[in-house]
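A closer look at the structure
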Number of protein chains: 2
Amino acid sequence: MLEEQIIADILKAKKDVGGIDKVFFTACGGSIAAFYPCKFLLESESRKLRRIGYYSANEFVHATPASLDKNSLVIACSHQGTTPETIEAIKLARSKGASTIAFSYAEGSEITKYGDRTIIYEWGPASSEAQQKASKGLRIAIEVLNQLEGWKYYDAAMKGFEALDSVVTRAKEMVRPAARKFAQENALEKLIYTIGSGASFGSAYIEDICILKEMQWIHSSSIHSGEFFHGPLEIADTQTPFLLFLSEGRTRPLDERVLSFLKRYAAKIYTIDVRDLGINVIDDTVSEYFSPLVLTNIVALYNEELAYIRKHPLMTRRYMWKVKY
Amino acid sequence: MLEEQIIADILKAKKDVGGIDKVFFTACGGSIAAFYPCKFLLESESRKLRRIGYYSANEFVHATPASLDKNSLVIACSHQGTTPETIEAIKLARSKGASTIAFSYAEGSEITKYGDRTIIYEWGPASSEAQQKASKGLRIAIEVLNQLEGWKYYDAAMKGFEALDSVVTRAKEMVRPAARKFAQENALEKLIYTIGSGASFGSAYIEDICILKEMQWIHSSSIHSGEFFHGPLEIADTQTPFLLFLSEGRTRPLDERVLSFLKRYAAKIYTIDVRDLGINVIDDTVSEYFSPLVLTNIVALYNEELAYIRKHPLMTRRYMWKVKY
């Protein structure tokens, strides 16, 4: 596999200077959040990495961690390959002697010039889920973990990637009616909250900032299921819509607790539950890491329906690509 | 100083088993966010720590990092000392052999039973800023950094703590008119965004989840200044209020870039700028770490005024302390 070789090559190249002991993910918006499952996996499972960084690119550039050095691997992503903050971040990483991997869907784009290795991912409705940026990112993170310190669930995870496309394909067939209902009932809403936990908190964040705020101009906020009961619960009422992502795995009880509360005090509750969507063909030891990959692909159908019914295409912008800032 | 001695004692106690090489902060809501400057400082400045964890307590309990062990220091905070998720988190830390520090304002409260050492902090309008939980947390984080690996800005930071009370006292005298104007103009708003960066992103998060959502039932979302241009900018218009925290230090350009954009496309813009509030008596090398301590104390006046004019006291709740969940 490509990812296995990339990490093997990087580790080999760094062998004489002490190897890789730190991993930093950096990008902007949906691209950094696509790496959220990587951050969650490594923070949860790694015993040996000395640093797992996760930075919005401009913060990485302006407040660069002192530990960034030649023993670091910096993984940066720019969808079109031209995001100025992310280009700066990966250039900076190189200047410190770090190894770099550039993610982009655009072959030959600017960011790829600064990656020791490049991952070109697929995107859009016709793409294979296992070839999208979040999947490719997770694949890279798993290789880092396994090659540096061994990971007992490696084989289960590899089988997970093999199963992913068929899980998502079947799930997509199931959810169209629920997606349409969500769109119809929320066509006039001015605000929708998103909620999630564990590896899937990044999916709630993407839905919040990239879809609702950016592509639909609907106010939103992503709430961590574990934080919900320590402040956010007070805004629950029968008028406010909540889109809750239920993951499989260790943090599922946090999501279920939110659902149980919302059922008592809210009325506009929308859930996307990976358990209903067939995630369980993937092994229980790793399904939590695949939950966000399923969720992001499935909520895309909700977003399509919402955009259609609101006559607000997902590519509509008022500032992005139009004005300088 | 108490904090210096606490860290010295913990490091001494762990000397025979390999010392402390990992720090985990865990708590819920405003209490975890009070440690955000600690996380930011250590991630930015430490070269030696093997892990800097920052976890909502229930996620820490359910998806416990594999690296949590006897060489870990777990710093947990519960304001009243009874938060069940945080009690579980600190008990778990102990069961793994980690050293623990319990933060609470309530002496003798339950959480203090599980701390190897306890920090009792002050709170409320009459308290010294340097004795509040965020300050005490930062003080502990600085001791960890300095005692483990030396920190060249240690003396500047100690002087910062000495200056903090007078900075905040003077700043409070300055901002009352601005706080009142904010309250008057936002009394009927249904949604207010908060924005910040660097060590101060936690202050934007606290204002979002603990004050606006929890204490005022006003919809809100905290946006990182670096992320603003990668999605959230699209919800900017002349009707939507933004409360922007301008920090001192390396990430200030990120905040200023947001302000410059908002000035062109938004109309309801409220800024709290630590530079206007006298932060610069604190040395430039450390003022970014003190920015959130000033911001959280100053925005408290805005919150008081808002609660007063809306006839919605800050202690009003509909669910918290009232129903079981």
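Calculation notes
Residues numbered from 1 in each chain as written. Chains lettered and ligands numbered in written order. Predicted model: local features only at pLDDT ≥ 70, side-chain atom pairs only at ≥ 80, totals over all residues. Heavy atoms only, no water. Least-squares fit on C-alpha atoms with pLDDT ≥ 70 in both. Contact = heavy atoms within 4.5 Å. Buried area = accessible area lost by both parts, 1.4 Å probe. Salt bridge = Lys/Arg side-chain N within 4 Å of Asp/Glu carboxyl O. Polar contact = N/O pair within 3.5 Å; in protein donor to acceptor, adjacent residues only side chain to side chain. Helix = DSSP H or I, 4+ residues; strand = E, 2+ residues; numbered from the N terminus. Pairing = 2+ DSSP bridges. Axes fitted to C-alpha atoms, helices over the stretch in contact; angles between N-to-C directions. Buried < 20%, exposed > 50% of the residue type's maximum accessible area, 1.4 Å probe, protein only. 1 Å grid on protein atoms, 1.4 Å probe; cavity = no way out; pocket = protein on both sides within 12 Å on 5 of 7 lines; lining within 4 Å. Points joined across faces, edges and corners; volume = space filled by probe spheres on them. Nonpolar A, V, L, I, M, F, W, Y, C, P; charged D, E, K, R; others polar. Expected span 1.5 Å × (residues − 1). pLDDT = per-residue confidence, 0-100.

This part covers the relation of the copies chain B and chain A. Between chain B and chain A, which share one sequence, the superposing operator has a rotation angle of 180° and an axial displacement of 0.0 Å; the RMSD is 0.0 Å. The two molecules are tied by a two-fold rotation axis, judged by turn and shift. For chain B, the minimum C-alpha distance to the rotation axis belongs to Arg50 of chain B and amounts to 2.0 Å. Comparing interface residues between copies, 100% of those in chain B also lie at the interface in chain A; the contact surface is shared.

Another point: the interface of chain B and chain A. Residue-level contacts link 71 residues of chain B with 71 residues of chain A. Both faces considered, chain B and chain A share a buried interface measuring about 6,100 Å² in area, 49% of it formed by carbon and sulfur atoms. Area buried by chain B at its contact with chain A is led by Glu234, Tyr319 and Tyr325 of chain B, which between them contribute 12% of it. Linking chain B to chain A there are 2 salt bridges. With a shortest N-O distance of 3.0 Å, Arg257 of chain A and Glu85 of chain B are connected by a salt bridge. There are 46 residue pairs in polar contact (both at pLDDT 80 or more) connecting chain B and chain A. At the level of elements, helix 3 (36-45), strand 2 (51-56), helix 4 (57-62), strand 6 (191-196), helix 8 (201-216), strand 7 (219-224) and helix 9 (252-265) of chain B are the ones that each hand at least two residues to the side of chain B that touches chain A. In terms of residue count, the dominant contributor to the side of chain B that touches chain A is helix 9 of chain B (6 residues).

What follows deals with the side chain of Ser109 of chain A. Residues and elements named next belong to chain A. Mapped onto the secondary structure, Ser109 falls in the loop between strand 4 (99-104) and strand 5 (117-120). Polar side-chain contacts of Ser109 include one of 2.8 Å to the backbone oxygen of Ala106. When near neighbours in sequence (up to four residues on either side) are disregarded, Ser109 contacts Gln80, Gly81 and Ser104.

This brings us to the sheet that holds strand 3 (residues 72-77) of chain A. Residues and elements named next belong to chain A. Taking strand neighbours across the sheet as the criterion, the 5 strands line up as 2-1-3-4-5 in an open arrangement whose pairing is parallel. Sheet topology places strand 2 (51-56) and strand 5 at the edges, where each strand pairs with a single neighbour. Sheet twist, expressed as the average angle between the axes of neighbouring strands with direction ignored, equals 15°. Note: strand 3 against strand 4, 5 bridges, orientation parallel. Note that in strand 4 the partner of Val74 across the bridge is Thr100. Against the sheet, helix 5 (residues 84-95) contacts strand 1 (22-27), strand 3 and strand 4, and its axis sits at roughly 160° relative to strand 4. Contacts from helix 6 (residues 133-149) reach strand 1, strand 3, strand 4 and strand 5 within the one sheet, and its direction differs from that of strand 4 by about 160°.

Backbone-to-backbone hydrogen bonds join strands into a sheet, with any given pair of strands oriented parallel or antiparallel. Residues and elements named next belong to chain A. As summarised here, the arrangement of the 4 strands in space is 7-6-8-9, forming an open sheet in which the pairing is parallel. At either margin of the open sheet sits one strand with a lone partner, and together these are strand 7 (219-224) and strand 9 (269-273). Sheet twist, expressed as the mean angle between neighbouring strand axes with direction ignored, is 20°. Bridge count for strand 6 (residues 191-196) against strand 7 is 6 bridges, and the pairing is parallel.

Below, the discussion takes up the pattern of salt bridges. Think of it this way: side chains of opposite charge can pair up when their charged atoms draw near. Residue and element names in this part refer to chain A. Counting across every chain of the model gives 42 salt bridges over all chains. Between Glu305 and Arg176 there is a salt bridge, with the nearest N and O atoms lying 3.0 Å from each other. Highlighted residues: Glu305 in helix 10 (residues 287-309) and Arg176 in helix 7 (residues 154-186), separated in sequence by 129 residues. With a closest N to O distance of 3.1 Å, Glu305 and Arg180 form a salt bridge. With Glu305 in helix 10 and Arg180 in helix 7, the pair connects residues that are 125 residues apart, well separated along the chain. Of the residues examined, Glu305 reaches a relative accessible area of 9% and is grouped as buried. Each of Arg176, Arg180, Glu304 and Glu305 takes part in salt bridges that share partners, so that together they form one network.

Let's shift gears to unusual backbone geometry. Residue and element names in this part refer to chain B. For Trp217, which is not glycine, the phi dihedral falls at a positive 55°. Among the structural elements, Trp217 can be located in the loop between helix 8 and strand 7. Despite not being glycine, Lys311 has its phi angle at roughly 50°, a positive value. Structurally, Lys311 can be placed in the segment after helix 10 (287-309).

Glancing now at empty space enclosed by the protein. Under the counting rule described, the total for this entry stands at 3 cavities of 30 Å³ or more. Along the walls of the largest cavity sit 42 residues, with Tyr36 and Phe201 of chain A together with Tyr36, Tyr54 and Phe201 of chain B positioned nearest its centre. A total of 6 residues in the lining of the largest cavity trace back to one element, the largest contributor, which is helix 8 of chain B. Split into classes, the residues belonging to the lining of the largest cavity amount to 20 nonpolar, 10 polar and 12 charged. Its volume calculated, the second largest cavity comes out at about 40 Å³. Lining the second largest cavity are Ile7, Ile10, Leu11, Ile20, Leu73, Val144 and Leu148 of chain B. For the lining of the second largest cavity, the element with the highest residue contribution is helix 1 (residues 2-13) of chain B, accounting for 3 residues. Considered class by class, the residues forming the lining of the second largest cavity number 7 nonpolar, no polar and no charged.

What follows deals with helix 5 of chain A. Taking 1.5 Å as the rise per residue, helix 5 of chain A with 12 residues should run 16 Å; its terminal C-alpha atoms sit 16 Å apart, in good agreement. For helix 5 of chain A, every residue scored as buried is listed here: Glu85, Thr86, Ile87, Ala89, Ile90, Leu92 and Ala93 of chain A. Looking at the buried residues of helix 5 of chain A, the elements they touch are strand 1, helix 4 (57-62), strand 3 and strand 4 of chain A together with helix 9 of chain B. One or two residues past the end of helix 5 of chain A sits Gly97 of chain A, with phi positive at roughly 85°.

This paragraph deals with the environment of Asn280 of chain A. All names here are of chain A. For Asn280, the location among the structural elements is in the loop between strand 9 and helix 10. Each C-alpha atom, one on Asn280 and one on Asn58, is 38 Å from the other, the two residues being 222 residues apart in sequence. Excluding residues within four positions of it along the chain, Asn280 makes contact with Glu248 and Arg275. A distance of 3.0 Å separates the side chain of Asn280 from the side chain of Glu248, its partner in a polar contact.

Here we come to the environment of Ala33 of chain A. All names here are of chain A. Considering the arrangement of structural elements, one finds Ala33 in helix 2 (residues 30-33). According to the relative accessible area criterion, Ala33 is buried, its value standing at 2%. As a C-alpha pair, Ala33 and Glu88 span 55 residues in sequence and 18 Å in three-dimensional space. Apart from the residues within four sequence positions on either side, Ala33 is in contact with Tyr54, Gly202, Tyr205 and Ile206.

Let us look at the confidence of the model for chain A. Fine structural detail should not be taken from predicted coordinates in areas where pLDDT scores are low. Across chain A, the average pLDDT comes to 97, with 100% of residues at 70 or higher. Confidence estimates for the predicted assembly give a pTM of 0.98 and an ipTM of 0.98.

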